[in-house]
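Residue-level structure breakdown
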Amino acid sequence: MRPRTLKRGLIALLLPALLATACVDDPSSNAGASGDDIKVGILHSLSGTMAISEVTVRDAELLAIEEINAKGGVLGKKLVPVTEDGASDWPTFAEKAQKLISQDKVATVFGGWTSASRKAMLPVFERNKALLWYPVQYEGLESSPYIFYTGATTNQQIVPALDYLAAQGKKKMFLVGSDYVFPRTANKIIKAYAAAKGIEIAGEEYTPLGHTEYSTLVNKIADAKPDAVFNTLNGDSNVAFFKQLRGSGITPQTTPVVSVSVAEEEVKGIGPENVAGHLVAWNYYQTTTTPANDAFVKAFKAKYGADKVTSDPMEAGYNAVYLWAAAVAKAGTVEVEAVKKAAGGISIEAPEGTTTIDGENQHVAKTARIGLVQADGQIKEVWSSPGPIKPDPYLKSYDWAGGLS
Amino acid sequence: MGALANQLPIGLSIAAVLLLIALGLTFTFGQMGVINMAHGEFIMAGAYTAYLLQGFTSQSFLIALPVAFVVAGLMGLLLEWSLIRRFYGRPLDTLLLTWGVSLVLQQLARDIFGAPNVQVTAPGWLVGGVDLLGVRLPYNRMFIIVLAVLCVVGVWVYLTKLPQGRRMRAVVQNRELAGYSGIATGRVDRFTFLLGSGLAGVAGVALTLVGPVGPSLGTFYIVDAFLVVVAGGLGQLRGAVLAALALGFLNGYLEFWTDASLAKVLVFVAIIAFLQVRPQGMFVLKGRTLV
């Protein structure tokens, strides 16, 4: 080896080590608060197949942080977001979560979308006794003491959707989902519900994440002739599914598809003309009429562009930041155990209406809403629950759900 | 029974999609031996071309086809000229290199167009479908089948009837001899790469009819494209056609009888088993060089 190459090699070897020590030897590193700043972590997939959805949640969370800072911050300190990319890869989520906790010493983390990413992060947060705010509707049957769930659990989204379909006289359902934990668990719940209420399940199909070939599946649906399709597909697959469904002659009039992971942002990517007339189940739409939502939509468009839309997970991420800030203000510290204790009963006027943290299971009470996709890409509410539904992640209050947890 | 009959056109249309995405690769991978992981991103470039052109005229979708060919082709040309030609004969390095390029292109698309999928509106005459003897034929699928056939015929004419195509085959079969005979092999390589990448662009436009248009579009198709080329035999047009048909019908019927995840596994198993028996693929180029 020539001397020059040797020297270069040495530098290459030493550089990462130097950088690593520089990061670890941060003197001002106690529990996220240092001087006039509070560091908070944001951990979403900014690349890979889930980036389509998660980038928008990050944008909403950054907006909330900016708004809180403009009003003087939390405990008189400014929030400083530290953003990491989970890259649609579950081990990466665990790794980056650990990095945010032990290296950046963030006070809390807002992050995740897929249940697989949450399940990967859960042990990291429990081990480090750190806090995660998870902003997406999910399959329930979980309640970690170190996670706050600001999206809907099943009794606030899937069960009301099933009630709605049953009330519409739908007797035969076809289940379509991506092949991972959320759709499989959701369908387990749906099947228990169907068995109790005399609804026939005409088919149950799963496709890998990122699957784009749906003609066979559409053919199976056409063959089974269900009254409705319950769709738990996630990510890009929804685009392929709806585009290929449209050519098949299955119309929303004869067979409506109810989706639980298709919001305004996804409708835009699918093309409103391909999904108009089908149903979705969420807790918030851009068209929801509350004073807080007018302000949220206006601020979001002002920051990111007039052509941007707001959706349920974005709103849940936005709420998460405000709920955490309110809990910190009540606790008077960013210390995790104190914040957890203060969080129970915290209530804010969110864009979706009043949302209150349930201290017992760390979920939030939310109003369920069924929406109809319009040709302009917006979603019109066709039904809503009378008021916020108390979260019940283990479906303890439903007698048909006895064998699930 | 109706559903089973319906699987026939479905198998055919899956085959057409496979063929479209793999046709360009039969040039770059098959003819030149370049493992081009960025092929999927040329497909993506084609899809985004359709996105950018829509709304200009009523026929912008058809106009997008040749434009995407030029856009993706030029991208391929640039890639060959700037990087790949320095790596000929080093397949593993090329693989890593083009994989890196594909990641760069994906991120570039994400920065330019944003991470969410964008909407490409299909022209009105491709919406809907027709029932023929109880079999449902969606127009967008029929269009993809016709386009795939046209592309195959075009490539076949190019390879067998045109002097450039003959030169290309000469370079593939014996690079040194072709060079000694006065063929500018470097220029032929560049042109081959332009054609292969351009075909990927055309595939990208067609795929906007049935699939998502986003930064990770290429990653959904790249593996399938390589499978077709490998199973068909390197550099063999008829091999690619046959392999695409076989995989299309296999996929369609296996998924019909089982489910999507299992069908994928079974198709992989079938390909591995097939390559054990015939490592060179369905067809092999007969020549005297030891490759």
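Residues numbered from 1 in each chain as written. Chains lettered and ligands numbered in written order. Predicted model: local features only at pLDDT ≥ 70, side-chain atom pairs only at ≥ 80, totals over all residues. Heavy atoms only, no water.

This brings us to the overall build of chain B. A count of helices and strands for chain B gives 11 helices and 2 strands. Listed by position from the N terminus, the elements making up chain B come as α-α-α-α-β-β-α-α-α-α-α-α-α. Taking the principal axes of its C-alpha atoms as reference, chain B extends roughly 60 × 45 × 35 Å. For chain B, buried positions account for 53% of its 291 residues. Counted over contacts in chain B with a minimum sequence separation of 6, partners at least 24 positions apart contribute 75%. When the accessible surface of chain B is totalled, it reaches about 13100 Å², and 70% of it is carbon and sulfur. Computed over 18 positive and 10 negative side-chain charges, the separation of the two mean positions in chain B equals 13 Å. (Helix = DSSP H or I, 4+ residues; strand = E, 2+ residues; numbered from the N terminus. Buried < 20%, exposed > 50% of the residue type's maximum accessible area, 1.4 Å probe, protein only. Contact = heavy atoms within 4.5 Å. Areas by Shrake-Rupley, 256 points an atom, 1.4 Å probe, with all protein chains shown as cover. Lys, Arg positive; Asp, Glu negative; His and termini not counted. Charge placed at Lys NZ, Arg CZ, Asp CG, Glu CD.)

Looking now at the overall build of chain A. On a plain count of helices and strands, chain A comes out with 13 helices and 16 strands. Taking the principal axes of its C-alpha atoms as reference, chain A extends roughly 70 × 60 × 45 Å. Counting over 405 residues, chain A shows a buried share of 60%. For chain A, the proportion of contacts with a sequence separation of at least 24, taken over those separated by at least 6, is 69%. Accessible area for chain A stands at about 14700 Å²; split by element, carbon and sulfur atoms hold 56% of it. The averaged location of the 44 negative side-chain charges in chain A is 3 Å from the averaged location of its 40 positive side-chain charges.

Here we come to the sheet that holds strand E11 (residues 279-282) of chain A. Residue and element names in this part refer to chain A. Here we have 7 strands laid out as an open sheet, ordered E8-E7-E9-E10-E11-E15-E16, and mixed in their pairing. The open sheet is flanked by strand E8 (200-207) and strand E16 (379-384), the only strands paired with a single partner. Strand-to-strand twist across the sheet, computed as the mean angle between neighbouring axes with direction ignored, equals 25°. Pairing geometry for strand E9 (residues 228-232) and strand E10 (residues 257-259), over 3 bridges, is parallel. Bridge pairing in E10 links Asn231 to Ser259. Contacting strand E7 (172-178), E9, E10, E11, strand E15 (369-373) and E16, helix H5 (residues 158-167) runs over the sheet at an angle of about 170° to E9. (Pairing = 2+ DSSP bridges. Axes fitted to C-alpha atoms, helices over the stretch in contact; angles between N-to-C directions.)

Below, the discussion takes up the interface of chain B and chain A. On the side of chain A, 38 residues touch chain B, which itself brings 39 residues to the contact. When chain B packs against chain A, the two sides together hide about 2900 Å² of surface, and 50% of this comes from carbon and sulfur. Together, Asn117, Gln119 and Glu255 of chain B form the three largest contributors to the area buried by chain B at its contact with chain A, with a combined 18%. In this structure, the connection of chain B to chain A is made through 1 salt bridge. With a shortest N-O distance of 2.7 Å, Glu213 of chain A and Arg141 of chain B are connected by a salt bridge. (Buried area = accessible area lost by both parts, 1.4 Å probe. Salt bridge = Lys/Arg side-chain N within 4 Å of Asp/Glu carboxyl O.)

For the rest of this paragraph, the subject is a positive patch on the surface. All names here are of chain B. A contiguous patch of positive charge, built from Lys161, Arg166, Arg167, Arg169 and Arg187, is present on the exposed surface. Residue contributions to the positive patch peak at 3 residues, all from helix H6 (residues 163-173). Position of Lys161 among the secondary structure elements: in helix H5 (residues 139-161). (Patch = residues over 30% accessible without salt bridge, like charges linked within 9 Å, V, L, I, M, F, W, Y side chains within 5 Å.)

Residues and elements named next belong to chain B. Between helix H2 (residues 39-53) and helix H9 (residues 217-232), the least distance of the axes is 8 Å, while the angle of their chain directions is 130°. The orientation of H2 relative to H9 falls into the category oblique. As H2 runs across H9, the sense of the crossing is right-handed. Together, His39, Gly40, Glu41, Ile43, Met44 and Ala47 of H2 and Leu217, Gly218, Thr219, Tyr221 and Ile222 of H9 make up the contact between the two elements. Here the contact of H2 with H9 is composed, by residue class, of 6 nonpolar, 4 polar and 1 charged. (Parallel < 35°, antiparallel > 145°, perpendicular 65-115°, else oblique. Left-handed = near helix turned anticlockwise from the far one by under 90°. Nonpolar A, V, L, I, M, F, W, Y, C, P; charged D, E, K, R; others polar.)

Quick look at the packing of aromatic side chains now. All names here are of chain B. Enumeration over the complete set of coordinates arrives at 26 aromatic pairs over all chains. Ring geometry for Phe29 against Phe226: centres 5.2 Å apart, planes inclined by 70°, an arrangement best described as edge-to-face. Linking Phe29 in helix H1 (residues 2-31) with Phe226 in helix H9, this pair joins segments that are 197 residues apart in sequence. Ring geometry for Phe61 versus Phe143: centroids 5.7 Å apart, planes at 55°, classification tilted. Within this pair, whereas Phe61 is found in helix H3 (residues 60-82), its partner Phe143 is found in helix H5, the two being separated by 82 residues in sequence. (Phe/Tyr/Trp six-rings, centres within 6.5 Å; stacked < 30°, edge-to-face > 60°.)

This part is about the sheet that holds strand E14 (residues 364-365) of chain A. Residues and elements named next belong to chain A. Spatially, 3 strands are ordered E12-E13-E14 in an open sheet, and the strand pairing comes out antiparallel. The open sheet is flanked by strand E12 (347-350) and E14, the only strands paired with a single partner. Alignment of strand E13 (residues 353-357) against E14, held across 2 bridges, turns out to be antiparallel. Bridge pairing links Thr356 to Ala365 in E14. Sheet strands touched by helix H12 (residues 312-331): E12, E13 and E14. Its angle to E12, the strand with the most contacts, is close to 140°.

Here we come to the pairing of E9 of chain A. All names here are of chain A. The element E9 is largely enclosed, with a buried count of 5 among its 5 residues. Burial along E9 is two-sided: Ala228, Phe230 and Thr232 and Val229 and Asn231, pointing in opposite directions, are all buried. Bridge count for E7 against E9 is 5 bridges, and the pairing is parallel. Along E9, the bridge assignment pairs Phe174 with Val229.

Right, let's talk about the pattern of salt bridges for a bit. Considering all chains together, one arrives at 19 salt bridges over all chains under this definition. The partner of Glu84 of chain A in a salt bridge is Lys99 of chain A, with the nearest N and O atoms 2.5 Å apart. On the criterion of sequence distance, the pair formed by Glu84 of chain A in strand E3 (residues 78-85) and Lys99 of chain A in helix H3 (residues 90-102) is long-range, its members being 15 residues apart. By relative accessible area, Glu84 of chain A is classed as buried at 12%. Lys99 of chain A sits in the partly exposed class, given a relative accessible area of 23%. Two residues, Glu80 of chain B and Arg190 of chain B, come together in a salt bridge whose shortest N-O distance is 3.8 Å.

Residues and elements named next belong to chain A. Of the two faces of E11, the one lined by Leu279 and Ala281 and the one lined by Val280 and Trp282 are each fully buried. Summarising the sheet, E10 and E11 pair through 2 bridges and their orientation is parallel. Across the sheet, residue Val258 finds its bridge partner in E11, namely Leu279. In the sheet, E11 pairs with E15 via 4 bridges, with the strands oriented antiparallel. Residue pairing across strands places Leu279 opposite Leu372, the latter belonging to E15.

Looking now at a nonpolar patch on the surface. Residues and elements named next belong to chain B. A cluster of nonpolar side chains, namely Val149, Val153, Trp156, Val157 and Leu162, defines an oily patch on the protein surface of about 410 Å² accessible area. By the secondary structure assignment, Val149 is in helix H5. When its relative accessible area of 48% is taken as the criterion, Val149 is described as partly exposed.

Read these as geometric descriptors, not functional statements.
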